[in-house]
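# Breakdown of the fold
Single-letter residue listing:
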Amino acid sequence: DAGVTQSPTHLIKTRGQQVTLRCSPKSGHDTVSWYQQALGQGPQFIFQYYEEEERQRGNFPDRFSGHQFPNYSSELNVNALLLGDSALYLCASSSGTGLNSPLHFGNGTRLTVT
Amino acid sequence: DAKTTQPPSMDCAEGRAANLPCNHSTISGNEYVYWYRQIHSQGPQYIIHGLKNNETNEMASLIITEDRKSSTLILPHATLRDTAVYYCIVLKRDAGKSTFGDGTTLTVKP
């Protein structure tokens, strides 16, 4: 039973470029959330997708956008990259959006912006 | 969501119980307490969660005080592989919008 998978594992981009990160949720899960984790800090919530719609959003600018596909997989897009966007980007999946739904995380995509 | 307070670091001897505290004095009645851990270079791993009652699973036990203002995660027989950052989270609305603090770095020593 595959867990949450993310691709690519590592990525290097130049300031001003755009990037797309991909996530496949754990089998049986229909909700995907994205987090940004800067070095030495806890993960920060970006947004959550359920039924192909953005349901909740954290304190991130519109440069961060996403999409969920009918098979529940998801993409995170970041436009006009800044040096401060360098971080580990984590995808988490869950079953539904209720309170009693633990998150299952992938191992993340390490993005470096130069 | 309620704010949580955790000690920045703790040590534990291998084979002994590790007791990780978390303070959530502003918790409200409909908020769950969740624990995750993150081993270096990996994504966070779900450990356990609870609302009011104490909970136990194959990984750990969660003890929630009667007033729900604090909780303790117990790893009964810590191993070197339990060395990680442990996050205590309180959730009101949705498990997806989890607010992670800086957590407790647990170091299990031989």
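Look up a bit, the structure's there.
Residue numbers here run from 1 along each chain, matching the order of that chain's written sequence. Chain letters start at A and ligand numbers start at 1, both assigned in the order the entries are written. Given that this is a predicted model, residues contribute local features only at a pLDDT of at least 70 and side-chain atom pairs are listed and counted only at 80 or more, while totals for whole chains, interfaces and linings are drawn from all residues. Think of the side-chain values as coming from all heavy atoms in the structure, minus any hydrogens and water.

## Some points on the sheet that holds strand 3 (residues 19-24) of chain A
Residues and elements named next belong to chain A. On the basis of which strands lie adjacent, the open sheet formed by four strands has the order 1-3-8-7 and antiparallel pairing. Strands with a single pairing partner mark the edges of an open sheet, and in this sheet they are strand 1 (5-7) and strand 7 (64-68). Shown here is a sheet whose adjacent strand axes are inclined to one another by a mean of 20°, direction ignored. Strand pairing is defined by DSSP finding a minimum of two bridges between the two strands. Helix numbering and strand numbering both begin at the N terminus, where a helix is a DSSP run of H or I of at least 4 residues and a strand a DSSP run of E of at least 2. For helices, the fitted line uses only the C-alpha atoms of the stretch in contact; every axis is such a line through C-alpha atoms, and the angle between N-to-C directions lies from 0 to 180 degrees.

## Overview of the pairing of strand 7 of chain A
All names here are of chain A. Relative to strand 8 (residues 74-78), strand 7 runs antiparallel, the two being bridged by five bridges. Following the sheet pairing, Gly66 is matched in strand 8 by Leu76. Here strand 7 hands over to strand 8 after five residues, with Tyr72 in that stretch at a positive phi of 80°.

## Observations concerning the state of the cysteines
The disulfide definition used here is simple: a pair of cysteine sulfur atoms within 2.5 Å. Going through the model one piece at a time under the given rule, you end up with two disulfides over all chains. With its sulfur 1.8 Å from that of its partner, A:Cys23 forms a disulfide with A:Cys91. For the disulfide bridge between A:Cys23 and A:Cys91, the dihedral angle about the S-S bond is near -60°, and by the sign convention the bridge is left-handed. Taken as a pair, A:Cys23 in strand 3 and A:Cys91 in strand 9 (residues 87-94) lie far apart in primary sequence, 68 residues in all. Partly exposed residues are those whose accessible area sits between 20% and 50% of the maximum for their type, while under 20% is buried and over 50% is exposed, using a 1.4 Å probe and protein chains only. Judged by relative accessible area, which is 2%, A:Cys23 ranks as buried. On the basis of relative accessibility, which here comes to 0%, the residue A:Cys91 falls in the buried class. The side chain of B:Cys22 participates in a disulfide bridge whose partner is B:Cys88; the two sulfur atoms lie 2.1 Å from each other. Across the disulfide from B:Cys22 to B:Cys88, rotation about the S-S bond amounts to roughly -80°, and the bridge is consequently left-handed.

## Examining the packing of aromatic side chains
Centre distance within 6.5 Å is the pairing criterion for rings of Phe, Tyr and Trp, where only the six-membered ring of Trp is used; planes under 30 degrees apart are then read as stacked, over 60 as edge-to-face, and the remainder as tilted. Inspection of every chain in the model, using the stated rule, returns 13 aromatic pairs over all chains. The interplanar angle of 10° and the centroid separation of 6.1 Å between the aromatic rings of B:Tyr34 and B:Tyr36 together place this pair among those described as stacked. Relative accessible area serves as the criterion here: at 0%, B:Tyr34 is assigned to the buried category. Note on B:Tyr36 and B:Tyr46: the rings are 5.9 Å apart at their centroids and 70° apart in plane angle, and the pair reads as edge-to-face. With B:Tyr36 in strand 3 (residues 32-38) and B:Tyr46 in strand 4 (residues 45-50), this pair connects stretches of sequence that are ten residues apart. Aromatic rings pair up to connect A:Tyr35, A:Phe45, A:Phe105, B:Tyr32, B:Tyr34, B:Tyr36, B:Tyr46, B:Tyr87 and B:Phe100 into one cluster.

## Overview of the sheet that holds strand 2 (residues 18-23) of chain B
Residues and elements named next belong to chain B. Across the sheet, which stays open at both edges, the four strands sit in the order 2-7-6-5 with antiparallel pairing between neighbours. Where the open sheet ends on each side, the last strands, each with one partner, are strand 2 and strand 5 (55-56). Sheet analysis places strand 2 next to strand 7 (residues 70-75), joined by six bridges and oriented antiparallel. Bridge pairing in strand 7 links Pro21 to Thr72.

## Observations regarding the interface of chain B and chain A
It only takes one pair of heavy atoms within 4.5 Å for two residues to be counted as in contact. With 22 residues of chain B in contact, the opposing surface of chain A contributes 23 residues. A 1.4 Å probe defines the accessible area here, and the buried area is the portion of it lost by two parts on being joined, summed over both. Together, the buried faces of chain B and chain A total about 1800 Å²; carbon and sulfur atoms form 51% of this surface. Salt bridge, as used here: a side-chain nitrogen of Lys or Arg that lies within 4 Å of a carboxyl oxygen of Asp or Glu. On the surface where chain B and chain A come into contact, there are zero salt bridges. Each polar contact in these results corresponds to two N or O atoms within 3.5 Å; when the atoms are within protein, one needs to be able to donate a hydrogen and the other to accept it, and residues that are neighboring in sequence are counted only if both atoms are side-chain atoms. Linking chain B with chain A are five residue pairs in polar contact (both at pLDDT 80 or more). When contributions to the side of chain B that touches chain A are tallied by element, the ones reaching two or more residues are strand 3, strand 4 and strand 8 (84-91) of chain B. Ranked by residue count, the leading element in the side of chain B that touches chain A is strand 3 of chain B, at four residues. Split into classes, the residues belonging to the side of chain B that touches chain A amount to nine nonpolar, eight polar and five charged. Three classes are used: nonpolar for Ala, Val, Leu, Ile, Met, Phe, Trp, Tyr, Cys and Pro, charged for Asp, Glu, Lys and Arg, and polar for all others, with Gly counted as polar.

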